[in-house]
Amino acid sequence: MQADVLIQDDRIAAVLPDIYVEDAVIFDATGLVVAPGLIDLHVHLREPGREDKETIATGAAAAAAGGFTTVCCMPNTQPVNDNATVTRYIVERARDSAIVNVLPIGAITRESKGEQLAEIGEMYQAGIVAISDDGHPVPNAMVMRRAMQYAMSFNLPVVDHCECKHISAGGVVNEGFYSTLLGLKGISHLAEELDVQRDILLAEATGAHVHIAHLSTARALQMVREAKSRGIRVTCEVTPHHFTLTDAAVETFDTNTKMNPPLRSAADVEAIIEGIVDGTVDAIATDHAPHHADEKALEYDKAPFGIIGLETALSLSLDRLYHTGKISLLRLVELLSTGPARVFNLKRGSLEVGAIADVSIFDLNKVVRVDPTKFRSKSRNTPFAGYVLRGGPVATIVAGRVVYNCKEEE
Ligand code: DOR
């Protein structure tokens, strides 16, 4: 639909074919897409503790430049966000320094050690929107069961990085042809699937909502599909790197192809795209994981897992999913905005009259050359440097305020 959007203060005031308001500030979006602000359920902002990699302010600036109006930050900071004091610190730092909404995710267990439950109730009061031990999955099924039961009292989703560490121990890439060829230790798809199956069974038994983070294998996707068809409260997200790259990319030994879960086989990528197309996948999330260049410069085995994604996600989604005819524009907006809002019960992802005016404006045909030296993020660890992509962000509005305008950059 073609229309004017009127924003007054921090709210959408009207969406109509022709709006005239005297003295209004006009943003001419002719020929562009005006969508509800993009929401990323999975970012690492590194503050507190590793501000050399990213801060809440720089991560939020990267988000704005990528079209995101809301990001949810994982608790694997230093200290871990496992209590209300850390949660409040993040909320306050975000209020003072972030140009987009930053919503913290609390840890499931103390220090994410997988043993005792974290102060979930108090963190909820302080503003967390989900719980997760991302990066350090809870190995003990009984602890996970209790976490799910407890999370239900606050209607909090339990987000799991599914990885059986006994299976994946020492692995750095997907187990398969390329791990053998390159002599790198593999991570079997089983590591992910064992935990996905466990979590689905626990969600079924407890009635809790489990959200599978960065799902990466064909079988895991099929498990989620089946569980959904049985009415179990399970949702999942996939990352742009898992639907654009296969483990063949590792052949370069570029440590920017090292992340956890690892890049998977071509068959897995195909299955993930099928899940994106058929509705099994609820959200695209970046797993934005900034690392310092010195650490990424280590040899493959020793470099840390993770790549940044906030400033490439929209362009990769447009180029690889929309322009290839795999999904409609509406589905793309669902995956990047309305879908994630639903998964975390956020009152966002809407352009209805009265909604908070979080808006993402993008150009379907803009030519985007990925140049990490221009990123707002403090880190540069992307495997997409030099890519030329079709479509990208133009402007980002948070609560009625323009926080990014690409015209001002040129
Ligand atoms: O690649 C990853 N990087 N996976 C994770 O689970 C953690 C993340 C990080 O914090 O760097």
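Residues numbered from 1 in each chain as written. Predicted model: local features only at pLDDT ≥ 70, side-chain atom pairs only at ≥ 80, totals over all residues. Heavy atoms only, no water.

For helix α7 (residues 189-206), which comprises 18 residues, the first-to-last C-alpha distance of 26 Å matches the rise-based estimate of 26 Å (1.5 Å per residue) to within 8%. Where α7 is concerned, the buried positions are A191, E192, E193, D195, V196, R198, D199, I200, L202, A203 and T206. You can read the cap of α7 off the contacts: a side-chain oxygen lies 2.9 Å from the backbone nitrogen of L190, and it is on S188. (Helix = DSSP H or I, 4+ residues; strand = E, 2+ residues; numbered from the N terminus. Expected span 1.5 Å × (residues − 1). Buried < 20%, exposed > 50% of the residue type's maximum accessible area, 1.4 Å probe, protein only. Polar contact = N/O pair within 3.5 Å; in protein donor to acceptor, adjacent residues only side chain to side chain.)

Residues in contact with the ligand amount to 13 residues; listed here are only the nearest, R46, N76, H161, N260 and H291. Interatomic distance of 3.2 Å between a backbone N/O atom of F305 and a nitrogen atom of the ligand. Summarising the interface, the protein chains cover 92% of the accessible area of the ligand, which totals 290 Å² for the free molecule. Residue classes in the shell around the ligand are distributed as three nonpolar, seven polar and three charged. (Near = heavy atom within 4 Å. Areas by Shrake-Rupley, 256 points an atom, 1.4 Å probe, with all protein chains shown as cover. Nonpolar A, V, L, I, M, F, W, Y, C, P; charged D, E, K, R; others polar.)

Counting across every chain of the model gives three cavities of 30 Å³ or more. Approximately 70 Å³ is the volume found for the largest cavity. What lines the largest cavity is simply H161, C162, E163, I187, A191, E192, A213, H214, N260, P261, P262 and R264. In the lining of the largest cavity, the residues fall into six nonpolar, three polar and three charged. Space inside the second largest cavity adds up to approximately 40 Å³. Lining the second largest cavity, in full, are P240, H241, T286, I307, I308, G309, T312, L316 and F384. Split into classes, the residues belonging to the lining of the second largest cavity amount to five nonpolar, four polar and no charged. (1 Å grid on protein atoms, 1.4 Å probe; cavity = no way out; pocket = protein on both sides within 12 Å on 5 of 7 lines; lining within 4 Å. Points joined across faces, edges and corners; volume = space filled by probe spheres on them.)

Below, the discussion takes up unusual backbone geometry. For residues besides glycine, phi is generally negative; the peptide bonds are generally trans as well. A cis amide bond links Q78 to the next residue, P79, at an omega of 5 degrees. Looking at where P79 falls in the secondary structure, it is placed in the loop between β5 (68-73) and α2 (84-97). Here the amide bond leading from N260 into P261 is cis, since omega sits at 0 degrees, within 30 degrees of zero. Unusually for a residue other than glycine, R46 sits at a positive phi of about 65 degrees. Turning to its location among the elements, R46 is positioned in the loop between β4 (38-43) and α1 (56-65).

Let us look at the sheet that holds strand β13 (residues 283-284). Sheet strands pair via backbone hydrogen bonds, and the direction of the pair is either parallel or antiparallel. The five strands lie next to each other as β7-β8-β11-β12-β13, forming an open sheet whose pairing is parallel. In this open sheet, the two edge strands, each paired with only one partner strand, are β7 (131-132) and β13. Both β7 and strand β8 (residues 158-160) contribute to a ladder of two bridges, which runs parallel. When the sheet's bridge partners are listed, I131 is paired in β8 with V158. With respect to the sheet, helix α4 (residues 141-152) is in contact with β7, β8 and β11 (210-212), its orientation differing from that of β8 by roughly 145 degrees. (Pairing = 2+ DSSP bridges. Contact = heavy atoms within 4.5 Å. Axes fitted to C-alpha atoms, helices over the stretch in contact; angles between N-to-C directions.)

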